[in-house]
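# Structural characterization, general
Okay, here's what each chain looks like letter by letter:
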Amino acid sequence: MAQVSTLSRTSTISIPSLDIVSGLLFGTLMLLMLYFIGIEEGAATVIHEAAIHEFVHDGRHLLGIPCH
């Protein structure tokens, strides 16, 4: 009977810290933009009054998100 030997090779991938930080920053900014465009209705806002709601109002309708 023949013996089969397997070599275990492990390789590590190094991700630079700048890539991780920039990815997290980008993701955070996208979530914030999603909040202000898609969820923020003016009733319980982070910034009072309806300034942000009115600013992104047409963008909501363009994306098909109801806001009334």
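### Regarding the overall build of the chain
- Each helix and strand counted, the chain has three helices and zero strands in total.
- Secondary structure of the chain in N-to-C order comes out as α-α-α.
- When the accessible surface of the chain is split by element, carbon and sulfur atoms take 68% of a total near 6,300 Å².

### Quick notes on the environment of I37
- Along the chain, I37 falls in helix α1 (residues 17-39).
- Relative accessible area serves as the criterion here: at 22%, I37 is assigned to the partly exposed category.
- Once residues lying within four places of it in the same chain are set aside, the contact partners of I37 are V56, R60 and L63.

### Overview of the confidence of the model for the chain
- Across the chain, pLDDT averages 76, with 66% of residues at or above 70.
- Summarising per-element confidence for the chain, the mean pLDDT is lowest in helix α2 (residues 51-55) (71) and highest in α1 (87).

The rules behind the values
- Residues numbered from 1 in each chain as written.
- Predicted model: local features only at pLDDT ≥ 70, side-chain atom pairs only at ≥ 80, totals over all residues.
- Heavy atoms only, no water.
- Helix = DSSP H or I, 4+ residues; strand = E, 2+ residues; numbered from the N terminus.
- Areas by Shrake-Rupley, 256 points an atom, 1.4 Å probe, with all protein chains shown as cover.
- Buried < 20%, exposed > 50% of the residue type's maximum accessible area, 1.4 Å probe, protein only.
- Contact = heavy atoms within 4.5 Å.
- pLDDT = per-residue confidence, 0-100.

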